[in-house]
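Coordinate inspection notes
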Amino acid sequence: MGLNLSSYWYCILILFPIIGGTALFFIPFKNRARMCVYTEVITVITSIISFLLLFNRPAENLDIITFVGKFTISLGFDGMGTIFAGLVSFLWPLASLYAFEYMKHEANEKSCKETTFFAFYTMTFGVTLGIASASNLLTMYVFYEMLTLVTVPLIIFSLSREATLATRTYLYYSLGGAAFGFITLVFLFNYADSLDFVLGGVLKNDGSYSETLMRIVYLFGFFGFGVKAAVCPLCSWLPKAGVAPTPVTALLHAVAVVKSGAFAILRITYFSFGTDILKGSFAQYIPMLVVIITIVYGCSQAVRERHFKRRLAYSTVSNLSYILFGCLIMTPLGMIGALTHMLFHGVMKICSFFCAGAVITRTGKTYVYELDGLGRKMPFTFAAFTISSLALMGVPGLCGFISKWNLATAAVESQNGFAYFGVGALLISALLTAIYMLQVVVRAYFPNKDFDYSTVEKFSDPGWKMLVPFGIFIVCMFVFGLYSEPIVSLLTNVAMGTF
């Protein structure tokens, strides 16, 4: 686009939504409509700034604070940060629009203050962009910790006992995982040339450390950051967090929190430690075994789960490990597969969660067995859910097929025995995904022959604020499935370090 942007725009990108969200506590809006317009304007402007920076990256990073030596808070986009920031910036304005209609129902029912919700919701946008734009491990770690704190009020929003317990679990897991991540940060400070993200890793090549020790340290980092990525056995917090309002769970499960965990693992694997020291060792095989187990476990639990949103949460547990599986193949093709699924899963899963939220707001039904006959009364909602279900299954023509194909191709070409087991897990997962997703679709469209349609006569699709995101997500799933070459080419350049 030819713009010459200063690196100070990185700071504006993060502070604008954080300050804008904080201002919601103090601005005396005369009515709800003005509050919604203000929130959406802040979100859209932030996304515009983000895309301007993505397409016109400043030549230099922005060093904000230097503590000592290599301890610097620094912002700047590289290829991988660009991909994550692009996903976040695309989805957040749509999620905010959806939330305006959803939260009208939620706040009225729970007698909670909407401005509090949208304040933290908007601040979370800025913090997530901070993770994406972090140019070194220390900066990413700082924003990673901030993400935990700023999302706590969103999970506990209803102040119910269930929400309180879910928030407590989320805090225990997240803070514990962050402690393990901090151990990794300390060791890299001592045994790396810098904390900057450099493709290939930054470990010193002077024999000053034991390779076995550094592989153990990597495991600390993998499982520490893996808490937010919901690897087994550290995933129980995620289904419990489904008690939060659907706009929150959609972003928790599709973009902000869980993808930040997967993004952090991609960072430390390829940009901090480097694959040369990890590949072919226990530091590769132990995590790969864990993510293979998680893929099957998440799908198995989803098949058993009867609560609509918790079923989708277990699906997220499984699909996040798809991303980690690609990461742990530790080849450029593996990184391409991981990044492809990170992008496409974000669109597929946020669509399915939004459909579940629409059902909850319009009908009050929260369990799968309660969805009989709703397909005819909420046609657009369940059309979107059906397409997202087929995409998650990996049906050709939709984006889920592309990401699963890239992962399977990377696994086969790696000639890694563990990776072959991963391909088997992907096939099992596809079958189980068909079972737990299509069960919802079949019940909605084809209830028992003696079903009384008068029981669902009063229900209908939600308003345009929910339907517009559905339509955009449907188009994206088809476009990315049928014309994925530009995206895959971009991700190839990221994996090769040429973007």
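My aim in this report is to walk through the structure given alongside it, one point at a time. (Residues numbered from 1 in each chain as written. Predicted model: local features only at pLDDT ≥ 70, side-chain atom pairs only at ≥ 80, totals over all residues. Heavy atoms only, no water.)

1. Quick word on the pairing of strand 2 (residues 71-75)
The buried count for strand 2 comes to four of five residues, which makes it a mostly enclosed element. Note: strand 1 (residues 62-68) against strand 2, five bridges, orientation antiparallel. Within strand 2, the position partnered with L62 by the bridge is L75. (Buried < 20%, exposed > 50% of the residue type's maximum accessible area, 1.4 Å probe, protein only. Helix = DSSP H or I, 4+ residues; strand = E, 2+ residues; numbered from the N terminus. Pairing = 2+ DSSP bridges.)

2. Some points on helix 1 (residues 8-23)
In a regular helix each residue adds 1.5 Å, so 16 residues correspond to 22 Å; helix 1 covers 22 Å between its end C-alpha atoms and thus fits that length. The largest bend along helix 1 reaches roughly 30° and is located at L15, with the proline P17 sitting one to four residues downstream. Within the sequence span of helix 1, burial applies to Y10, L13, I14, P17, I18, G20, G21 and A23. Its buried side turned inward, helix 1 meets helix 2 (32-55), strand 1, strand 2, helix 4 (114-133) and helix 5 (137-155). (Expected span 1.5 Å × (residues − 1). Bend = angle between axes of the 7 residues up to and from the residue. Contact = heavy atoms within 4.5 Å.)

3. Re the packing of helix 5 against helix 10 (residues 256-273)
For the pair helix 5 and helix 10, the least separation of the axes is 11 Å and the interaxial angle reads 165°. Between helix 5 and helix 10, the angle falls in the class roughly antiparallel. Pair helix 5 / helix 10 crosses with left-handed handedness. Where helix 5 approaches helix 10, its residues L137, M140, Y144, L147 and T151 are matched on the opposing element by A256, V257, S260, G261, F263, A264, R267 and I268. When the residues that make up the contact of helix 5 with helix 10 are grouped by side-chain class, the tally is nine nonpolar, three polar and one charged. (Axes fitted to C-alpha atoms, helices over the stretch in contact; angles between N-to-C directions. Parallel < 35°, antiparallel > 145°, perpendicular 65-115°, else oblique. Left-handed = near helix turned anticlockwise from the far one by under 90°. Nonpolar A, V, L, I, M, F, W, Y, C, P; charged D, E, K, R; others polar.)

4. Let's talk about the side chain of K349
Looking at where K349 falls in the secondary structure, it is placed in helix 14 (residues 332-363). With near-sequence residues (within four places) excluded, K349 lies in contact with H253, A254, L312, S315, T316 and L392.

5. As for unusual backbone geometry
The omega angle of the peptide bond from C232 to P233 is 0°, so this bond is cis rather than trans. Here P233 lies in the loop between helix 7 (211-225) and helix 8 (237-240). Non-glycine residue L159 carries a positive phi angle of around 60°. Relative to the assigned elements, L159 resides in the loop between helix 5 and helix 6 (161-191). Using a relative accessible area of 65% as the deciding quantity, one classes L159 as exposed. The residue M330 is not glycine, and still its phi comes out positive at about 60°. Residue M330 is classed as buried on the basis of its relative accessible area of 2%.

6. Side note on the packing of aromatic side chains
Scanning all chains against the criterion turns up 31 aromatic pairs. Judged by centre distance (4.5 Å) and plane angle (85°), the rings of F71 and F189 are edge-to-face. Residue F71 is found in strand 2, and its partner F189 is found in helix 6; the two are separated by 118 residues along the sequence. Overall, the relative accessible area of 21% leaves F71 in the partly exposed class. For F189, a relative accessible area of 25% gives the class partly exposed. Aromatic rings pair up to connect W92, F100, F117, F118, Y121, F125 and F157 into one cluster. Geometry around F499 places R57 over its ring, the cationic atom sitting 4.6 Å from the centre. (Phe/Tyr/Trp six-rings, centres within 6.5 Å; stacked < 30°, edge-to-face > 60°. Lys NZ or Arg CZ within 6 Å of the ring centre and 35° of its normal.)

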